[in-house]
Amino acid sequence: MGCLIVGVLNITPDSFSDGGKFGSLEAAVGAGVRMAEEGAAWIDVGGESTRPGAVPVSEREERARVVPVIERLRKKLPAGVSISIDTYKSGTARAAVEAGATVVNDISGVLLDPPILGVAAQAGAAMVVGHLRGAPATMMEGIAFGDVVAEVGAELAERVEAARRAGCREIWADPGIGFGKRIEHSLALLRALPDLGARLGVPLLVGVSRKSFIGQLTGKPAAERQFGTAAAVTAAVLRGAAAVRVHDVGAARDVVAVAEALGRD
């Protein structure tokens, strides 16, 4: 199987790139269906912005945003297209899997609400453990790494093992590009994906789409980072990413197809 494409579906008013774009149930569901038609293997539904400085939302509000979308998407998407819930709250994850999500994507690596592991394990859902130090709102404060690759690898290894102990059968890891990391850290992690994959022994989900490090390199705002994103996705695919999380699914499908062809011997 080649690199999977994960489509980003933010049901939020304040996400860094597409906040407020899918404000109605119809708009959100329609966007998810289009992503599947364009080649997304799974749709990642999120109800809380995790950009730096974002105001946290209550679990009740987060559930109210995502559950109706997941329920409707499950009825409309082909059986082979998965739905993931992008949350670090165990209550939201439980409601989402009950509504039809089969993947739990926790950017905090289960550190902010550890019972989320039990939710995923009990539901038989795949678990994505991300790398993040602290909370999303303050993650860019006091960033300190001696050896970012070694430290992220060690911390993710602990989280993967915790997921195994909890009984999760399918585990993915996400190095958390841009989450509590400066540009040099994100670039180092992208270069080191082969080493991280070998160390962790689980598939890697990599999210680079429209991230701030691309803006720093190109000088472009989030909405104009398509070409920088394409370059970063290419690098991720060539370095062994098993899935890439993107906003522009149709474009990413072409990028992944070409990158995979370039990577063949």
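Overview of the structure. This is a predicted model, so every value here is computed, not measured. (Residues numbered from 1 in each chain as written. Predicted model: local features only at pLDDT ≥ 70, side-chain atom pairs only at ≥ 80, totals over all residues. Heavy atoms only, no water.)

## Details of the environment of Thr-92
Here is step 1: Looking at the element boundaries, Thr-92 is found in helix α3 (residues 90-99).
Here is step 2: For Thr-92, a relative accessible area of 0% gives the class buried.
Here is step 3: Along the sequence, Thr-92 and Val-66 sit 26 residues apart, while their C-alpha atoms lie 8.5 Å from each other.
Here is step 4: When residues no more than four places from it in sequence are discounted, the contact partners of Thr-92 are Glu-59, Glu-62, Arg-63, Val-66, Ile-85 and Thr-87. (Helix = DSSP H or I, 4+ residues; strand = E, 2+ residues; numbered from the N terminus. Buried < 20%, exposed > 50% of the residue type's maximum accessible area, 1.4 Å probe, protein only. Contact = heavy atoms within 4.5 Å.)

## Considering the packing of aromatic side chains
Here is step 1: According to the stated counting rule, one finds 1 aromatic pair in the structure shown.
Here is step 2: Between Trp-42 and Trp-172 the ring centres are 5.3 Å apart and the planes differ by 85°, which places this aromatic pair in the edge-to-face class. Here Trp-42 is found in strand β2 (residues 42-46), whereas its partner Trp-172 is found in strand β6 (residues 171-174), with 130 residues between them in sequence. Accessibility assignment for this pair places Trp-42 and Trp-172 in one class, buried. (Phe/Tyr/Trp six-rings, centres within 6.5 Å; stacked < 30°, edge-to-face > 60°.)

## A look at the side chain of His-131
Here is step 1: Mapping His-131 onto the fold places it in the loop between β5 (126-130) and α5 (148-166).
Here is step 2: Note on His-131: relative accessible area 1%, which makes it buried.
Here is step 3: For His-131, the side chain forms a polar contact with the side chain of Glu-155, separated by 2.6 Å.
Here is step 4: Side chain to side chain, His-131 and Lys-181 meet in a polar contact 3.0 Å long.
Here is step 5: In this structure His-131 touches Ile-107, Phe-145, Val-152, Glu-155, Leu-156, Arg-159, Asp-174, Pro-175, Gly-176, Phe-179 and Lys-181, once residues within four positions along its chain are discounted. (Polar contact = N/O pair within 3.5 Å; in protein donor to acceptor, adjacent residues only side chain to side chain.)

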